[in-house]
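Secondary and tertiary structure notes
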Amino acid sequence: MSKIINYYRHGETVWNREGRLQGWLNSDLTTEGIEQAMSVKWNPQIVFSSDLNRALQTAHLMFPNRTVHKSKNLREIHLGHWQGSYINDLQQDEQYHCYMNSPHLFVNTTQESFEEVTKRMLAFHEYLSQLPYRRIAVVSHGVAIACLFAGIHKQPYNQLWDYLLNGAACFSVEGDIQQLQSNIK
């Protein structure tokens, strides 16, 4: 049986626009973020979302006639003491510089590691591959989705930012169930 899983990033938020890191914190969708979410035209059989408000709001706007199933596994990377910080204020922080410019060398302290995010996102993808639905929508976050796709494609983290999506953009995984499962082994 062929299956399509569309992974959507949440719409633009106030903090995205302001250049602030959110991690597990929340800010509201901007007018543009709402428009991004409402522009999605797809009819999934089931919808999953991160339990963080910006993703839930996006999922409800994208798929207003569907129940949205929440999961903590779809959350953004936890950014520890950086959460709520302005990116401009972190430019002299060596650890943040490594996070952004050499993610394969990044060593977390108060943050969640890329490996931890990848592991929970791949586990959720495996769960989805077992479900009987053929069209599944997932609303998550930029770094979380990037980690998932680096994991699926077995790419090193030095290429992580190649998978970063803009607001309400989508990565799609298609194939039969065995193919989806073999992509994540």
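Okay, so let's go over this structure. Just so we're clear, the structure is a prediction, and the values are computed from it rather than from any experiment.

Calculation criteria
- Residues numbered from 1 in each chain as written.
- Predicted model: local features only at pLDDT ≥ 70, side-chain atom pairs only at ≥ 80, totals over all residues.
- Heavy atoms only, no water.
- Helix = DSSP H or I, 4+ residues; strand = E, 2+ residues; numbered from the N terminus.
- Rg over C-alpha atoms; globule rule 2.2 N^0.38 Å.
- Buried < 20%, exposed > 50% of the residue type's maximum accessible area, 1.4 Å probe, protein only.
- Contact = heavy atoms within 4.5 Å.
- Areas by Shrake-Rupley, 256 points an atom, 1.4 Å probe, with all protein chains shown as cover.
- Lys, Arg positive; Asp, Glu negative; His and termini not counted.
- Charge placed at Lys NZ, Arg CZ, Asp CG, Glu CD.
- Core = buried A, V, L, I, M, F, W, Y, C linked by side-chain atoms within 4.5 Å.
- Salt bridge = Lys/Arg side-chain N within 4 Å of Asp/Glu carboxyl O.
- Axes fitted to C-alpha atoms, helices over the stretch in contact; angles between N-to-C directions.
- Parallel < 35°, antiparallel > 145°, perpendicular 65-115°, else oblique.
- Pairing = 2+ DSSP bridges.
- Phe/Tyr/Trp six-rings, centres within 6.5 Å; stacked < 30°, edge-to-face > 60°.
- Lys NZ or Arg CZ within 6 Å of the ring centre and 35° of its normal.

Some points on the overall build of the chain
Each helix and strand counted, the chain has seven helices and five strands in total. The secondary structure elements of the chain, listed N-terminal to C-terminal, are β-α-α-β-α-β-α-α-β-α-β-α. On C-alpha atoms alone, the chain measures out to a radius of gyration of 16 Å, which is about the 16 Å that the 2.2 N^0.38 rule sets for 185 residues. When the backbone C-alpha atoms are referred to their principal axes, the chain occupies close to 50 × 40 × 25 Å. A burial count over the chain gives 52% of its 185 residues as buried. A fraction of 71% describes how many contacts in the chain between residues 6 or more apart in sequence connect residues 24 or more apart. For the chain, the exposed area adds up to about 8,900 Å²; of that, 48% sits on carbon and sulfur atoms. Distance between charge centres in the chain, computed from 16 positive and 17 negative side chains, equals 11 Å.

With respect to the nonpolar core
With 37 residues, the main nonpolar core has Y7, F48, Y99, F114 and L128 as its most contacted residues. Going through the elements one at a time, β1 (2-9), β2 (46-50), α4 (94-101), α5 (114-130), β4 (135-140) and α6 (142-152) are the ones with two or more residues in this core. When residues of this core are assigned to their parent elements, the largest contribution, nine residues, is made by α6. Apart from the residues lying within four places of it in its own chain, the contact partners of F48 are H69, L74, F124, Y127, L128, L131, I136, A137, V138 and V139.

Here's the deal with the pattern of salt bridges
Under the criterion given, the structure shown has five salt bridges. Two residues, E12 and R17, come together in a salt bridge whose shortest N-O distance is 2.8 Å. Residues joined by salt bridges that share partners form a network here, namely E12, R17 and E32.

Regarding the packing of α5 against α6
Between α5 and α6, whose axes approach to 8 Å, the crossing angle comes to 75°. Judged by the inter-axis angle, α5 sits roughly perpendicular to α6. For the pair formed by α5 and α6, the contact residues are F114, V117, T118, M121, L122 and H125 on the first element and V143, A144, I145, C147, L148, G151 and I152 on the second.

Notes on unusual backbone geometry
Its identity as a non-glycine residue notwithstanding, K154 has a phi of 55°, on the positive side. Following the sequence through the fold, K154 ends up in the loop between α6 and β5 (170-176). Located in the positive-phi region is A168, a residue other than glycine, with phi close to 65°. As for its position among the elements, A168 is in the loop between α6 and β5. Using a relative accessible area of 11% as the deciding quantity, one classes A168 as buried.

A look at the pairing of β4
Here β4 lies mainly inside the structure; five of its six residues are buried. Strand direction decides the pairing type here: β2 and β4, joined by four bridges, are parallel. When the sheet's bridge partners are listed, I46 is paired in β4 with I136.

Some points on the packing of aromatic side chains
Applying the stated criterion to the full structure yields 17 aromatic pairs. The interplanar angle of 50° and the centroid separation of 5.5 Å between the aromatic rings of F124 and Y127 together place this pair among those described as tilted. Separated by three residues within a single helix, F124 and Y127 lie in helix α5, roughly one turn from each other. Given the relative accessible area of 6%, F124 is considered buried. Residue Y127 is classed as partly exposed on the basis of its relative accessible area of 41%. Three or more aromatic residues link up through ring pairs in this structure, and these residues are W82, Y96, Y99, F106, F114, Y157 and W161. It is R20 that lies over the ring of Y86; its NZ or CZ is 4.9 Å from the centre.

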